[in-house]
Amino acid sequence: MQQTASKPVRDPDVQVTAAGDGAHVIHLSGAWDIRALESRGRTLQSALRDAARSTDADWDLTQIQRFDHIGAMLVWRTWGRCRPSRLQLKREHEIFFGACESAAAVASSPAAPDRFPLLLALGRGVWAVTGHVLEMLQLFGQLLIDAATVVRQPLLRPWREFSAAIYKIGAQALGITALVGFLIGVVLSYLSAEQLRLVGADVFIVNILGIGIVRELGPVVCSILVAGRSGSAITAQLGVMRVTEELDALSVMGISNTLRLILPKMAAIAVALPLLVLWTSGVALVGGAVSAKAELGMSFFQFFSALPAAVPEVNLWLGVGKAVVFGVLIALIACHFGLRIQPNTESLAAGTTRSVVTSITAVIVADAIIAVIFSDVGWS
Amino acid sequence: MSGAPVVDVKGLWTVYGDLVVHRDLDFSVMPGEVVSLVGGSGSGKTTLLRQILGLERPHRGSIRVFGVPLHTCDPGLFKKIRKRWGVLFQHGALYSALSVFDNIALPLRELHAFDADFIRDIVMVKLDAVGMDKRHASTMPADLSGGMIKRVALARALVLEPELVFLDEPTAGLDPDRSEAFVKLVRDLHIKLNFTVVMATHDLDTMVSVSDRIAVLADQKVVVCGRLDEVVRYDHPFIRDFFLGERGRRALSAAPALQTN
Ligand SMILES: Nc1ncnc2c1ncn2[C@@H]1O[C@H](COP(=O)(O)OP(=O)(O)OP(=O)(O)O)[C@@H](O)[C@H]1O
Ligand SMILES: [Mg+2]
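Residues numbered from 1 in each chain as written. Chains lettered and ligands numbered in written order. Predicted model: local features only at pLDDT ≥ 70, side-chain atom pairs only at ≥ 80, totals over all residues. Heavy atoms only, no water.

**Student:** Quick question: what am I supposed to make of the nonpolar core here?
**Tutor:** Note on soluble globular proteins: their nonpolar side chains tend to be buried together. Counting 70 residues, the largest nonpolar core has Leu28, Trp32, Leu61 and Phe97 of chain A together with Leu108, Phe114 and Leu154 of chain B as its most contacted members. No other element matches the 7 residues that helix α4 (residues 116–129) of chain B contributes to this core. In this structure, Val150, Ala165, Leu250 and Leu259 of chain A belong to the second largest nonpolar core, which totals 41 residues. (Core = buried A, V, L, I, M, F, W, Y, C linked by side-chain atoms within 4.5 Å. Buried < 20%, exposed > 50% of the residue type's maximum accessible area, 1.4 Å probe, protein only. Helix = DSSP H or I, 4+ residues; strand = E, 2+ residues; numbered from the N terminus.)

**Student:** Which parts of the structure should I look at to understand the coordination of the magnesium ion (ligand 2)?
**Tutor:** For a metal bound by four donors in a tetrahedral arrangement, the ideal donor-metal-donor angle is 109.5 degrees, while six donors in an octahedral arrangement ideally sit at 90 or 180 degrees. All names here are of chain B. Bound to the magnesium ion (ligand 2) on the protein side are Thr46 (OG1) and Gln90 (OE1), at distances that span 1.9 to 2.8 Å. Of the two residues, Thr46 is situated in helix α1 (residues 45–52) and Gln90 in the loop between β6 (85–88) and α3 (100–111); the sequence distance between them amounts to 44 residues. Assessed through its relative accessible area of 28%, Gln90 is described here as partly exposed. (Donors = N, O, S within 2.8 Å, 3.2 Å for Na, K, Ca; no water.)

**Student:** Explain the confidence of the model for chain B to me, please; I cannot follow it from the model alone.
**Tutor:** Summarising the model, chain B shows a mean pLDDT of 83, and 96% of its residues fall at 70 or more. Scoring of the predicted complex yields 0.72 for pTM and 0.73 for ipTM. (pLDDT = per-residue confidence, 0-100.)

**Student:** So what exactly am I meant to see when it comes to a nonpolar patch on the surface here?
**Tutor:** Residue and element names in this part refer to chain A. Judged by side-chain polarity, Ile176, Leu179, Phe182, Leu183, Val286, Val290, Phe300 and Phe304 come together as a nonpolar surface patch covering roughly 640 Å² of accessible area. Counting only elements with at least two residues in the nonpolar patch, the list comes to α6 (174–199), α9 (257–296) and α10 (300–310). Of the residues forming the nonpolar patch, the biggest block, 4 residues, is contributed by α6. With respect to the helices, strands and loops of the structure, Val290 is situated in helix α9. (Patch = residues over 30% accessible without salt bridge, like charges linked within 9 Å, V, L, I, M, F, W, Y side chains within 5 Å. Areas by Shrake-Rupley, 256 points an atom, 1.4 Å probe, with all protein chains shown as cover. Salt bridge = Lys/Arg side-chain N within 4 Å of Asp/Glu carboxyl O.)

**Student:** Mind showing me how you'd approach the environment of Arg260 of chain A here?
**Tutor:** Residue and element names in this part refer to chain A. Tracing the backbone through its elements, the reader meets Arg260 in helix α9. The class for Arg260 is partly exposed, based on a relative accessible area of 26%. Between the C-alpha atoms of Arg260 and Leu179, which are 81 residues apart in sequence, the distance is 33 Å. Those residues in contact with Arg260 that lie beyond four places of it in its chain are Leu156, Pro158, Glu161 and Ile255. (Contact = heavy atoms within 4.5 Å.)

And the structure:
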């Protein structure tokens, strides 16, 4: 950093000359600062090492024009981290070696390798999953207690948060769920129509679409969409609130995080998701009817009047009930991962990803379990 | 100190919608100086620094750093200039996902010129220079105290051996002891390493004890820029309130520059 030198600044250079008594003198000259070393660091390092081979060399550093910590460290390391006995140095460059000396780096020993890495990984995995499940149970219990408090003390009811959440989770998702539902209805109807026409069982399209959509596809597709859309949003929001200490700010004001932030969101998903499922299934059936008309020439009236007979009402309730369960699961997982986020950006990203993946998996697993439990319900 | 100014701002206008933050502002810094930028809250200190750093484009006017017009020069040259300065942001701006060590090592690794061992040694030198214990090298920024964040951020700002250092509110949020220690640290490093410092601050004590010159930002421009005694003699309502109020007089009474008068 000693610029404005009158002499032009030369490139860093190492030269070895023989002194009279057979000893060597190593001259360093030019600019030995980061700007010069950036591009030649490695070559200079090896040049220095070659020059320093002879143990009893004189070091002449007085020709150095620019110097800084980086240059000093390069030389310092060649010396094996201690000053050589014979050294000539400009006085103003003394401080750089002073800094190297006082910071005498502690060599950190690398951690010993694990002996049974697979077993250890398995154990850690099991331990982590157990931890997550226990924490989620705890959160769920806390939410039940909060719900009871809210029922007893109407003043505490977080209506504003609840209605805002309903709007964001429900109303704003109407467009995307309708689009996806409609397309699924069209595609499913088209594929089934092709097969049914082969065996001449055209009318069964209503049964296939009705049961398939109302009982399975509507709830699952809609829940996956909501998990991706609102689950990630909830996790990210809680995570950012952790990073910016907003969660702590709420706690110190005596405002319960679970009651203000989580309960309304969970309640909103549990209310909005069943409604969204009805909407998605409805639109998917319309899509199916459109496709059935195009493929099989079945009129809308024919399609929708055959529907009640083909699909017993209990399927509708099964779909709606599943949506409530899925909603609670999504909210619980999203909030759980949101609250666990550490105050740094990496953890925020990892937490959000894990939240979405976990909630989609949980929805599908729960759907399979419910399918087994209700396997003999709802057939005409 | 002689030579061309390191930072040279001429006729700068900054406008956000209807809000004019800077109106025809001139400001320059000579090599090796410590210049403090003072002004009320919202007077545009941070904005001016951001303009000089090239993070924002001025509405009108020219900004030269190391003699290079920042906003019109080619990107390659601008990139080179960015390696010659170091910045301490108002809130530290440490990378929250990286440990203290990695925060400081990052700019060095970006150069792709040094091996890991060498980088570790340099980081330790820098940590030592700002008075941080080596034990904190593996700590995450979220687990540091406010003063430690400032120190680590300073170490990161200094790791590429900058010729020009920007400090935005270096002592805000520190207790008087810590802020005095921090100022002393900056002053020591400045004397040793001879870099140029541009510092935005509210803190009278900080300013009085390290600055060579003080620039007062008021009425959307630099109303006066000079040594402490020159600034104090200048007649302006902000200067009267800021320097000649009770707090100001207490700080000034400790200033060596004025005791000789
Ligand atoms: N991106 C922006 N858009 C609109 N207005 C802005 C923007 N950035 C800054 N401002 C305005 O510019 C003015 C100056 O802000 P600046 O942050 O520079 O103040 P400051 O002097 O650093 O204050 P403090 O001492 O409180 O840090 C403020 O009135 C602010 O509202
Ligand atoms: Mg500011």
